[in-house]
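# Chain and residue survey
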Amino acid sequence: MPTRTFTIYEVPNDYVATGNSPTISATFTMTVTDDDGSLEATEADDGGTSQVITVDGGGIDDYEFFYDDDITVGGGTETIKTFQLTIGGVTRSFVMNDDGDTIPGAGVGVSFTLNTYATYTPVDYTSLPCFVRGTLIGTADGDRPVEDLKVGDLIETMDQGLQPIRWIGNSPLSLRDLITRPNMRPVIIPASSFGKGYPQRDLHVSPQHRCLLGGWSVELNFGMEQALAPAKSMVGSKGIHVDTACTEVDYFHFMFDRHEVVFSEGLATESFLIGDTIREGMDQMQLQEILELFPELADMKHKKPIPPARPILRQFEVAVLEDLVA
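Since we're looking at a predicted model, the values are computed, not measured. (Residues numbered from 1 in each chain as written. Predicted model: local features only at pLDDT ≥ 70, side-chain atom pairs only at ≥ 80, totals over all residues. Heavy atoms only, no water.)

## Brief notes about the overall build of the protein
- When helices and strands are tallied, the protein shows 6 helices and 24 strands.
- The long-range fraction of contacts in the protein, counting pairs at least 24 apart against all pairs at least 6 apart in sequence, stands at 64%.
- For the protein, the accessible area works out to roughly 14,600 Å², and carbon and sulfur atoms hold 50% of it. (Helix = DSSP H or I, 4+ residues; strand = E, 2+ residues; numbered from the N terminus. Contact = heavy atoms within 4.5 Å. Areas by Shrake-Rupley, 256 points an atom, 1.4 Å probe, with all protein chains shown as cover.)

## Quick notes on the packing of aromatic side chains
- This model, assessed by the stated rule, comprises 11 aromatic pairs.
- Between F65 and F83 the ring centres are 4.5 Å apart and the planes differ by 25°, which places this aromatic pair in the stacked class. Pair noted here: F65 is in strand β6 (residues 62-73) and F83 is in strand β7 (residues 76-87), with a separation of 18 residues, a long-range link.
- Among the residues examined, F83 registers a relative accessible area of 0% and is labelled buried.
- Ring-pair connections join several aromatic residues into one group, and the members of that group are F28, Y63, F65, F83, F94 and Y120. (Phe/Tyr/Trp six-rings, centres within 6.5 Å; stacked < 30°, edge-to-face > 60°. Buried < 20%, exposed > 50% of the residue type's maximum accessible area, 1.4 Å probe, protein only.)

## Side note on the nonpolar core
- In terms of nonpolar packing, the biggest core is built from 28 residues, with I189, F194, L213, M234 and F254 touching the most fellow members.
- Elements with a minimum of two residues in this core: β17 (187-189), β18 (203-205), β19 (210-213), β20 (227-230) and β22 (249-255).
- Here M234 is in contact with I189, F194, C211, L213, A229, I240, V318 and L324, once residues within four sequence places are set aside.
- Grouped together as the second largest cluster of nonpolar side chains are 19 residues, A26, I60, M96 and V123 included. (Core = buried A, V, L, I, M, F, W, Y, C linked by side-chain atoms within 4.5 Å.)

## Structural notes on the pattern of salt bridges
- Applying the stated rule across the entire model yields 11 salt bridges.
- Residue R314 pairs with E78 through a salt bridge whose shortest N-O separation is 2.5 Å. Residue R314 is located in the loop between α5 (284-293) and α6 (315-319), and its partner E78 is located in strand β7; the two are separated by 236 residues in the primary sequence. For the pair shown, R314 and E78 are each scored as buried. (Salt bridge = Lys/Arg side-chain N within 4 Å of Asp/Glu carboxyl O.)

## Section: the environment of I165
- Within the secondary structure, I165 is located in the loop between β15 (161-164) and β16 (167-173).
- Residue class for I165 comes out buried when judged on its relative accessible area of 1%.
- Between the C-alpha atom of I165 and that of L154, which follows or precedes it by 11 residues, the distance is 6.5 Å.
- Those residues in contact with I165 that sit more than four places away from it in its chain are L149, K150, V151, G152, D153, I155, F254, M255 and F256.

## Here's the deal with the side chain of T269
- Checked against the element boundaries, T269 lands in strand β24 (residues 267-270).
- Of the polar contacts made by the side chain of T269, one reaches the side chain of S264; its length is 2.9 Å. (Polar contact = N/O pair within 3.5 Å; in protein donor to acceptor, adjacent residues only side chain to side chain.)

## Observations concerning a negative patch on the surface
- The grouping of E43, D45, D61, D62 and E64 at the surface amounts to a negative patch.
- In this structure, D45 sits in the loop between β3 (38-39) and β4 (52-55).
- The class for D45 is partly exposed, based on a relative accessible area of 45%. (Patch = residues over 30% accessible without salt bridge, like charges linked within 9 Å, V, L, I, M, F, W, Y side chains within 5 Å. Lys, Arg positive; Asp, Glu negative; His and termini not counted. Charge placed at Lys NZ, Arg CZ, Asp CG, Glu CD.)

## Considering the pairing of β15
- As paired elements, strand β14 (residues 154-157) and β15 share 4 bridges and run antiparallel to each other. By the bridge assignment, I155 is partnered in β15 with Q163.
- Here β14 folds back onto β15 in antiparallel fashion, the turn holding 3 residues. (Pairing = 2+ DSSP bridges.)

## A closer look at unusual backbone geometry
- Put simply, Y198 and P199 share a cis peptide bond, and its omega is -5°.
- Among the structural elements, P199 can be located in the loop between β17 and β18.
- One non-glycine residue, S192, adopts positive backbone phi at about 60°.
- If you trace the backbone, S192 turns up in the loop between β17 and β18.
- A positive phi angle, near 55°, is found at K238, a position not held by glycine.
- Along the polypeptide, K238 turns up in the loop between β20 and β21 (241-242).
- A relative accessible area of 36% places K238 in the partly exposed class.

Shown next, in the form of structure tokens:
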């Protein structure tokens, strides 16, 4: 049963009602366990087994999620969830990251400003960044299908040259899975959509899988030469689209000692980046394999996060780019 752990930040109750600039008074760890991997707004909205929510290991009386808020905090912008928990008969207000375990720049004593808000949309915490069976990956022996790769194989990386695979996993989804979880349908990046040979064939990846973007628009808008963007954020540009016709999909993911940029069908994409969001939704046997290789990841509360190979753009940030350049 999927479990997800978040850092949540307590704010005054009037923030929920008015949107006034709040100051964070405390932080806690909230854990959600559910059978469908989707964090709904209320218990009544949850179609499966009731969501079990705890805060710092203790139970709560009730909960309700209200908004998706775009805020400015610590000099940057973030999308957050705004919600209330009833603990010991007292209603308290909190915020948390929209798609990560923490809010960058947030902490006790930090204030933030509300920019825009929208109705709450459920958090999906079962997605994995993956390649589809048949995808050709650049290796020391040339391009090889992802399903043929094994632990120890040397993979071509953009920053570190040839690097050995430390772990590889497989997540097959049936037609029934895709009907119940349409958000997991593959995204297709057409051949040569980023220029001749990039990618060299149609590239099929999971919606969360990130590709490397660069060019003048990334530099102008974000002050950086390159950034990673999830495939789902590029749907609608350059012919990139969701594969609505597939009846099953076999996803593969592999990991190195660090997060790397690799070459799939000739296009620069990411390797598997483990984090609380992914780790908590993984199969226990897969998780055990990773923890045997990287035991320091078992300490979720105190581990130092593995840094991404490039800054990661959110979907709304990709939307402002006037030109997508790989």
